[in-house]
Amino acid sequence: MVMSLEATASLCGLMLLGKTALDSRGAPSASRGAVEISAMGDSRGGSQAMQKGASTRFPLCVVLMELAVQKESLGLLMDTEWAPRYANEEADALSNGVVDGFAPERRRGG
C-alpha cells in the first residue's frame, strides 16, 4: 500500500507541477524536447515499480498507468530514486504534524 501512496503522490505532483515545469522553459510546445523531473520515496519497491512503469499489484498498477499517460501527454521523463529512512526524517516529521524544525515566520495557513 505504501508503494501506491508514493506513486499517487508523484502523480499528483506531476499533474500539479508538470505543466509549470514545461512553461518555465519558455519554448513553444513543438520544440520543448523532454523535461526530466525527479521523485524520491522511502519504499524501495515503489521506486523500482515506478522506474519499470508496471506492477501486477492493485491499486499500484492503475496509478502507474495513469502516471504513464500523464508523463506522455506532457512529454516529461520522471526519474525516481529510493531515499533511505534517515534521509527522509523531515518529511516523516511533517506528515506526523511535527513542525518544530520549521521557521514560524515562513508558515502559512491556520
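Reading the values: the criteria
Residues numbered from 1 in each chain as written. Predicted model: local features only at pLDDT ≥ 70, side-chain atom pairs only at ≥ 80, totals over all residues. Heavy atoms only, no water. Helix = DSSP H or I, 4+ residues; strand = E, 2+ residues; numbered from the N terminus. Buried < 20%, exposed > 50% of the residue type's maximum accessible area, 1.4 Å probe, protein only. Contact = heavy atoms within 4.5 Å. Areas by Shrake-Rupley, 256 points an atom, 1.4 Å probe, with all protein chains shown as cover. pLDDT = per-residue confidence, 0-100. Lys, Arg positive; Asp, Glu negative; His and termini not counted. Salt bridge = Lys/Arg side-chain N within 4 Å of Asp/Glu carboxyl O.

### Quick notes on the overall build of the chain
Within the chain, the secondary structure is distributed over four helices and two strands. Reading the secondary structure of the chain in the N-to-C direction produces α-β-α-α-β-α. Counting every position in the chain, which comprises 110 residues, the buried fraction comes to 31%. Long-range contacts, defined here as pairs at least 24 residues apart, represent 75% of the contacts in the chain between residues at least 6 apart. Total accessible area on the chain stands at roughly 7700 Å², and carbon and sulfur atoms take up 57% of it.

### Quick notes on the confidence of the model for the chain
When pLDDT is averaged along the chain, the result is 77, and 79% of the positions lie at 70 or above. Per-element confidence in the chain ranges from a low mean pLDDT of 68 for strand β1 (residues 35-41) to a high of 88 for helix α3 (residues 60-74).

### Notes on the environment of A49
Inspection of the secondary structure assignment puts A49 in helix α2 (residues 44-52). Separated by 46 residues in the primary sequence, A49 and M3 place their C-alpha atoms 8.3 Å from one another. A49 has contacts with A54, L60 and L64, leaving out every residue within four places of it along the chain.

### Details of the side chain of K71
Of note, K71 is situated in helix α3. There is no salt bridge for the buried K71, and the closest opposite charge comes from E72, which lies 8.6 Å off by N-O distance. Contact partners of K71, with chain neighbours within four places excluded, come to L14, L76 and M78.

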